[in-house]
Amino acid sequence: MILNQFLILAAVLFCIGVYGVLARRNGVLVLMSVELMLNAVNINLIAFSAYLRETAGEVFALFVITIAAAEVGVGLAIVLLIYRNLHSPDLDHVEQLKG
Amino acid sequence: MIVQNIFFWVLALAMVLGAIGVVRSQNVVHAALYLVVVMAGAAAQYILLAAEFVAWVQVIIYIGAVIILFLFGIMLTRAPMGGDTKLDNDQRWPAAVVSVFLAGVLGALLIDAFGKKEIVISGAKGEQLLQVGKAGHLADSIFTAYVVPFEVVSILLLAALVGAVVIARRD
């Protein structure tokens, strides 16, 4: 297996995630796109771990998975609060600070 | 050698189609289910790279916990199920241009930097790869070299837990 096939798969997934973050307006869907990007990074870390025969990449991937779980917890709490205050989960409505 | 490549391309195709489903689906629950396809594909890729422990952690945490959390979020925000409300904003085309441009830059950079470098999976080096992915080996690494980051992450998880409760609590 070539190292690059994993790296390019991860790059493609990351770019799809970027598209999702920019184009989605529902807060939950934006968080899903962020998960997509974090997953792409994990594939990179594991591919390099296999390429270099190092455990470090796998340890970092585990840390990224942990932090992604924490991020989803806090992120969904924020989306819930937005929904409660603005009666809509759409991020377009969050504009109180707009000049 | 060839078998792994066939598996890789099948999984990669499923993952890319699933990812496009996540960002294009007009039904929120379908988007969450497409995310399951991507997560499961990623776990299979980890097994292909002999990282079995990370693969099962991925299955347990992502498919088991994070997706359930997303479904709860969808339920609690009463997301539109029928597809009558627009889930996308009006900057779809700029977003597509940005992501295609980013993919081009990253792809060119990766091909230039790593070219045809190969992950050797046969012979003695393959045995070494299998050793690296073992859970025991990973545990040795976490609890010796990375024990401080490990403890910091546990504090971070506690902080995130308390923070989520404080943010979402009704006063």
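Structure shown above.
Keep in mind it's a predicted model, so treat the numbers as computed, not measured.

### Thoughts on the overall build of chain B
Then, in step 1: Within chain B, the secondary structure is distributed over seven helices and zero strands.
Then, in step 2: The order of α-helices and β-strands along chain B, N terminus first, is α-α-α-α-α-α-α.
Then, in step 3: In summary, chain B has a C-alpha radius of gyration of 20 Å against a globular reference of 16 Å for 171 residues, an excess of more than 25%.
Then, in step 4: Seen through its C-alpha atoms, chain B measures out along the principal axes to roughly 55 × 40 × 25 Å.
Then, in step 5: Residues counted as buried form 35% of the 171 residues belonging to chain B.

### Describing the nonpolar core
Then, in step 1: Grouped together as the largest cluster of nonpolar side chains are 67 residues, with contacts concentrated most on Met32, Leu36 and Ile43 of chain A together with Leu35, Tyr46, Val54 and Phe70 of chain B.
Then, in step 2: Elements that contribute at least two residues to this core include exactly helix H1 (3-23), helix H2 (27-52) and helix H3 (56-86) of chain A together with helix H1 (2-24), helix H2 (28-48), helix H3 (52-76), helix H4 (92-114) and helix H6 (135-144) of chain B.
Then, in step 3: Counting contributing residues, this core receives three or more from each of domain 1 (1-82) and domain 2 (134-171) of chain B.
Then, in step 4: Discounting chain neighbours no more than four positions away, the residues touching Leu36 of chain A are Leu13, Ile16 and Gly17 of chain A together with Ala19, Val22, Val23, Leu35 and Val38 of chain B.

### Remarks on the packing of H3 of chain A against helix H7 (residues 147-168) of chain B
To characterise two packed helices, one gives the angle between the axes of the helices and the distance between these axes.
Then, in step 1: At a minimum axis distance of 9 Å, the contact between H3 of chain A and H7 of chain B shows a crossing angle of 10°. When the interaxial angle is binned, H3 of chain A and H7 of chain B end up roughly parallel. Contacts from Phe63, Thr66, Ile67, Ala70, Gly73, Val74, Ala77, Ile78, Leu80, Leu81 and Arg84 of chain A in H3 of chain A reach Pro149, Phe150, Val153, Leu156, Leu157, Ala160, Ala164, Ile167 and Ala168 of chain B in H7 of chain B.
Then, in step 2: Of the residues that constitute the contact of H3 of chain A with H7 of chain B, the class distribution is 17 nonpolar, two polar and one charged.

Scoring rules and cut-offs
Residues numbered from 1 in each chain as written. Chains lettered and ligands numbered in written order. Predicted model: local features only at pLDDT ≥ 70, side-chain atom pairs only at ≥ 80, totals over all residues. Heavy atoms only, no water. Helix = DSSP H or I, 4+ residues; strand = E, 2+ residues; numbered from the N terminus. Rg over C-alpha atoms; globule rule 2.2 N^0.38 Å. Buried < 20%, exposed > 50% of the residue type's maximum accessible area, 1.4 Å probe, protein only. Core = buried A, V, L, I, M, F, W, Y, C linked by side-chain atoms within 4.5 Å. Domains from an automatic or database assignment. Contact = heavy atoms within 4.5 Å. Axes fitted to C-alpha atoms, helices over the stretch in contact; angles between N-to-C directions. Parallel < 35°, antiparallel > 145°, perpendicular 65-115°, else oblique. Nonpolar A, V, L, I, M, F, W, Y, C, P; charged D, E, K, R; others polar.

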